[in-house]
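# Close look at the chain arrangement
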Amino acid sequence: LLIILDCTLLPLASQSLHSTLSIPMGRTFTVIGSTGHVGGQTCKTLLAAGHHVRALVRKTDSEAALALEKLGATLVATGFVEGDEQLGALHFDEKILTEAFTGADGAFIIIPPNLRSPNPDAEADAYIQLLKRVVLASKIKKVALLSSIGGHLPTGTGAILKLHRLEQAFLPLA
C-alpha cells in the first residue's frame, strides 16, 4: 500500500488519480531504503523515467549502492554509525537527512526493518519522529509512504503497528 501525501495542502479530491501521479521529467526525488528491494526498485524506476535520485544509503561502497550510482543516482550516506546496527535508525544523522530532502520535489519513505533492535517499537517511533522533523524542516512538498494492508488498524496487527503510527504521524501534514 502506497500512501501519497501532498504536503502543499492542495485538495486532491478535485484532481484525477492520473494527474496526481503524473510526474514531469527531470524532477529530483530522495529515496529511503535505496539498497533494499522496494527502495531499489523505486530508484531504478525513477532513474529510468529520467528523474534525478538522491539514494539514501548506509554504506556508499556496498554493491547495491554502487549499482545505483552507476545508473545515475547520487548516493547520500545517512550518517549511520558503523557497529551500532542494532540501534538502526536511531543513529541516522538528522542534518544529513534534512539536507537530502531539501530542494527535492518528492521523497519515498519506508521504515526499514531492524531485526537486531532490542526495542523495535521504540526505535520505529523515534525514526517516525525523526522523519517527520526532516519533512517539516526540509519543506518538501510531496511524500510517498510505504505502508501495508492493516496499516490503518490501531491494534492487533503485530509489526504492522509501526506503519499505523507512521500513517498517523504524517496524516496531519497532508
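Everything discussed here concerns the structure shown above.
Now for a quick tour of the structure. (Residues numbered from 1 in each chain as written. Predicted model: local features only at pLDDT ≥ 70, side-chain atom pairs only at ≥ 80, totals over all residues. Heavy atoms only, no water.)

Right, let's get into the pairing of strand 3 (residues 52-57). Bridge count between strand 2 (residues 28-31) and strand 3: 4 bridges; the pairing is parallel. Residue pairing in the sheet places Phe29 in a bridge with Val53 of strand 3. As a crossover connection, the stretch from strand 2 through helix 2 (residues 37-48) into strand 3 is right-handed. Both strand 3 and strand 4 (residues 74-77) contribute to a ladder of 4 bridges, which runs parallel. (Pairing = 2+ DSSP bridges. Helix = DSSP H or I, 4+ residues; strand = E, 2+ residues; numbered from the N terminus. Right-handed = clockwise from strand over helix to strand, strands pointing away.)

Next up on the list: the nonpolar core. Ranked by internal contacts, the top residues of the largest apolar core, which has 40 residues, are Ile32, Val53, Phe101, Ile109, Val135 and Phe170. The leading source of residues in this core is helix 5 (residues 120-138), at 6 residues. (Core = buried A, V, L, I, M, F, W, Y, C linked by side-chain atoms within 4.5 Å. Buried < 20%, exposed > 50% of the residue type's maximum accessible area, 1.4 Å probe, protein only.)

Glancing now at the pattern of salt bridges. Throughout the structure, instances matching the rule amount to 5 salt bridges. Ionic pairing is found between Arg133 and Glu94, a salt bridge with its closest N-O pair at 3.0 Å. With a gap of 39 residues between them, Arg133 in helix 5 and Glu94 in helix 4 (residues 94-101) connect regions that are remote in the sequence. By relative accessible area, Glu94 is classed as partly exposed at 30%. (Salt bridge = Lys/Arg side-chain N within 4 Å of Asp/Glu carboxyl O.)

Each regular strand displays side chains that alternate between the two surfaces of the sheet. Where burial is concerned, the two faces of strand 2 agree: the one with Thr28 and Thr30 and the one with Phe29 and Val31 are both buried. Pairing between strand 2 and strand 5 (residues 106-109): 3 bridges, direction parallel. Opposite Phe29, over in strand 5, you have Gly106 as the bridge partner.

Turning to helix 5, a few remarks are in order. Spanning 19 residues, helix 5 covers 26 Å between terminal C-alpha atoms, matching the ideal 27 Å at 1.5 Å per step. For helix 5, every residue scored as buried is listed here: Glu123, Ala124, Tyr127, Ile128, Leu130, Leu131, Val134, Val135 and Ser138. Here the buried residues of helix 5 occupy an arc of 165 degrees about the axis, which is enough to place them on one side. Buried positions along helix 5 lie against helix 4, strand 5, strand 6 (142-146) and helix 6 (161-170). (Expected span 1.5 Å × (residues − 1). Arc of directions from axis to C-beta. Contact = heavy atoms within 4.5 Å.)

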